[in-house]
Amino acid sequence: MSRHRRPENKVVVPVVGVTAVLTGIAAAIAVPAIAGPEEPPDIPAAAGAPDLGTAMREDLGLTSAQVRARLAAEANAAEAARALRGTLGPSYAGSWFDSSAGRLVVAVTDPARSDRIRAAGARPRVVEHSMAELTGAKRRLDRMGAAVPDAVTGWYVQPGSNSVVVEVDSRQWNTATERMLTGLREQGTPLRVHQAPMAPRPLADIVGGDPFTFGADGGQGRCSIGFSATGPDGSAHFLTAGHCTTAGGTARDIDGQEIGPISESVFDTAGDFGLVDVTDPGSRLTPLVNRQDGTAIEVAGSAQAPVGASICRSGSTTGFFCGEVAAFDQTVNYGNGDIVRGLTRTTVCAEPGDSGGSFISGTQAQGMTSGGSGDCTSGGVTFFQPVNEALQAFGLDLVTTGQSDRRFGAGSDNSDDEGVYGGR
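Structural notes, computed from the coordinates. As the structure is a prediction and not an experimental result, all values here were calculated from the model. (Residues numbered from 1 in each chain as written. Predicted model: local features only at pLDDT ≥ 70, side-chain atom pairs only at ≥ 80, totals over all residues. Heavy atoms only, no water.)

A word on the nonpolar core
- Residues M56, F227, L239, V299, L391 and L396 are the most contacted members of the largest nonpolar core, which totals 26 residues.
- Only α1 (54-60), α2 (64-87), β10 (227-230), β14 (271-277), β19 (319-333), β22 (364-375) and α6 (387-394) provide two or more residues apiece to this core.
- Residue contributions to this core peak at four residues, all from α6.
- With near-sequence residues (within four places) excluded, M56 lies in contact with G61, L62, V67, L71, S310, C312 and C322. (Core = buried A, V, L, I, M, F, W, Y, C linked by side-chain atoms within 4.5 Å. Buried < 20%, exposed > 50% of the residue type's maximum accessible area, 1.4 Å probe, protein only. Helix = DSSP H or I, 4+ residues; strand = E, 2+ residues; numbered from the N terminus. Contact = heavy atoms within 4.5 Å.)

Have a look at this one:
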């Protein structure tokens, strides 16, 4: 999976834009640099268009025409999934996008509901356990907290197998792990066990002084901006990983210029997201995600993509990579008591330094990188914090395309054009 899209410091591209769920663990990727009075570069016509360029073609093995067709089918599937979930009631058992067939599959416990699913353009699959049952089983694992052995690295509901998947680091499997799994089976948990070759770790890179430094004098690490957001009073912010903001202090750009103070941080069972107030008068929020090739994607909203849909990630360590949504609401055990719930599992690769970066599907913001395992040479698994949860928690609105760019900061009249741009 060797790629050519690792960012170079000399490239200046539009980067931040929409508000998204923060994510990340420990220090992460870089924040777009404050460009001051420099005018933003022109955004190519392809920015925000269905064709996401080389990332989806290379990572998913698609042609440009297939990329466009798939994104259109995924958008239709996402709409159908939202509608069916609300109408199938207690018989609903989850849904996912079948990329080989190009359509949504909906699991249901009541065969009589199959016609309704077909009428919505989806394919029904009759299963034993409802989503409520599967979610209840997962919640019982969540309540175990610190009693979970370190060898158990995470768990999540998998609609396609109608089960709760428990991942175990095969190198740490021990009697405590076996006792836990036996107990779950005795409780009747619809369980599947997956042996992982390694444990997930925060995608952090503690290198003070790089883009978006944090902590005292920026000396505790670096992370990346996820998405821009505004408050009800018009205040300016960006979302990032919660582990990037736990130290408090001030966020700074690559040149040491203050972007603004870190104001909120969540890094526990409630999620992994944090907030930075953008108070620098020369900073502008934009609805952009850096594609790391001199172009940007314009974010149009934050509709959740279904399981199986394509999804891409932007990060300053590795660049822009794509994969698929694998599962929602995964609980991840990062070890040392750091258990995070509610993350989305993906097949996108990432590496230390990518935490906090934007996840996007088509033109819809999805969330920000939290952590994972593997790398972008051999492949891996990466988790992100959903953006909508962070927006709701902080009472913010995502910055999306069509909104006028505004300048923010202390004493600003919000009428200038200078802004935040990528400097990686």
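Description of the environment of A176
- Among the secondary structure elements, A176 is positioned in helix α5 (residues 175-186).
- When its relative accessible area of 25% is taken as the criterion, A176 is described as partly exposed.

Comments concerning the state of the cysteines
- Under the counting rule described, the total for this entry stands at three disulfides.
- Note on cysteine connectivity: C312 is disulfide-linked to C322, with sulfurs 2.0 Å apart. Across the S-S bond linking C312 and C322, the dihedral sits near 95 degrees, which makes this disulfide right-handed. Residue C312 is located in strand β18 (residues 310-315), and its partner C322 is located in strand β19; the two are separated by 10 residues in the primary sequence. The same class applies to C312 and to C322, which are both buried. (Disulfide = S-S within 2.5 Å.)

Here's the deal with unusual backbone geometry
- With a phi close to 55 degrees, N162 is a non-glycine residue in the positive phi region.
- With respect to the helices and strands, the residue N162 is situated in the loop between β4 (152-158) and β5 (163-169).
- Not every positive phi belongs to a glycine, and N336 is a case in point at roughly 60 degrees.
- For N336, the location among the structural elements is in the loop between β19 and β20 (339-346).

A look at the packing of aromatic side chains
- With the rule as written, the count across this model stands at two aromatic pairs.
- Ring geometry for F273 versus F394: centroids 5.4 Å apart, planes at 70 degrees, classification edge-to-face. Of this pair, F273 sits in strand β14 while F394 is found in helix α6, placing the two residues 121 residues apart along the sequence. Across the pair, exposure class does not vary: F273 and F394 are buried alike. (Phe/Tyr/Trp six-rings, centres within 6.5 Å; stacked < 30°, edge-to-face > 60°.)

Considerations on the pattern of salt bridges
- The final tally for this structure, using the stated rule, is 12 salt bridges.
- Across the pair R70 and E324 runs a salt bridge, and its minimum N-O distance is 2.8 Å. Within this pair, whereas R70 is found in helix α2, its partner E324 is found in strand β19, the two being separated by 254 residues in sequence.
- Exposure remark for R70: the relative accessible area of 11% places this residue in the buried category.
- In this structure, K138 engages D142 in a salt bridge whose closest nitrogen and oxygen atoms are separated by 3.0 Å. Here K138 and its partner D142 are both found in helix α4 (residues 131-142), four residues apart, which amounts to about one turn of the helix. Accessibility assignment for this pair places K138 and D142 in one class, buried.
- Several salt bridges converge on common partners, so that one network encompasses K138, R139, D142 and D329. (Salt bridge = Lys/Arg side-chain N within 4 Å of Asp/Glu carboxyl O.)

With respect to the sheet that holds strand β3 (residues 123-126)
- Across the sheet, three strands lie side by side as β1-β2-β3; this open sheet has mixed pairing. Edge positions in the sheet fall to β1 (92-98) and β3, since each of these pairs with one other strand and no more. Averaged over all neighbouring strand pairs, the angle between strand axes comes to 25 degrees, with direction disregarded.
- Against the sheet, α2 engages β1 and β2 (103-108), with an angle of about 175 degrees to β1. (Pairing = 2+ DSSP bridges. Axes fitted to C-alpha atoms, helices over the stretch in contact; angles between N-to-C directions.)

Considerations on the side chain of T318
- Inspection of the secondary structure assignment puts T318 in the loop between β18 and β19.
- For T318, a relative accessible area of 0% corresponds to the buried category.
- Engagement of the side chain of T318 in a polar contact is seen with the side chain of R313, the distance being 2.8 Å.
- Here the side chain of T318 touches D354 through a polar contact of 2.7 Å, side chain to side chain. (Polar contact = N/O pair within 3.5 Å; in protein donor to acceptor, adjacent residues only side chain to side chain.)

Considerations on the pairing of β22
- Buried residues dominate β22, accounting for 10 of its 12 residues.
- The sheet contact formed by strand β21 (residues 358-361) and β22 spans four bridges and is antiparallel. Bridge assignment links S358 to a residue of β22, and that residue is M368.
- The turn joining β21 and β22, which pair antiparallel and follow one another in sequence, is formed by two residues; a positive phi near 65 degrees is taken by G362.
- Looking at chain direction, β22 and strand β23 (residues 379-386) are connected through eight bridges and run antiparallel. Pairing of S373 across the sheet is with V381, part of β23.

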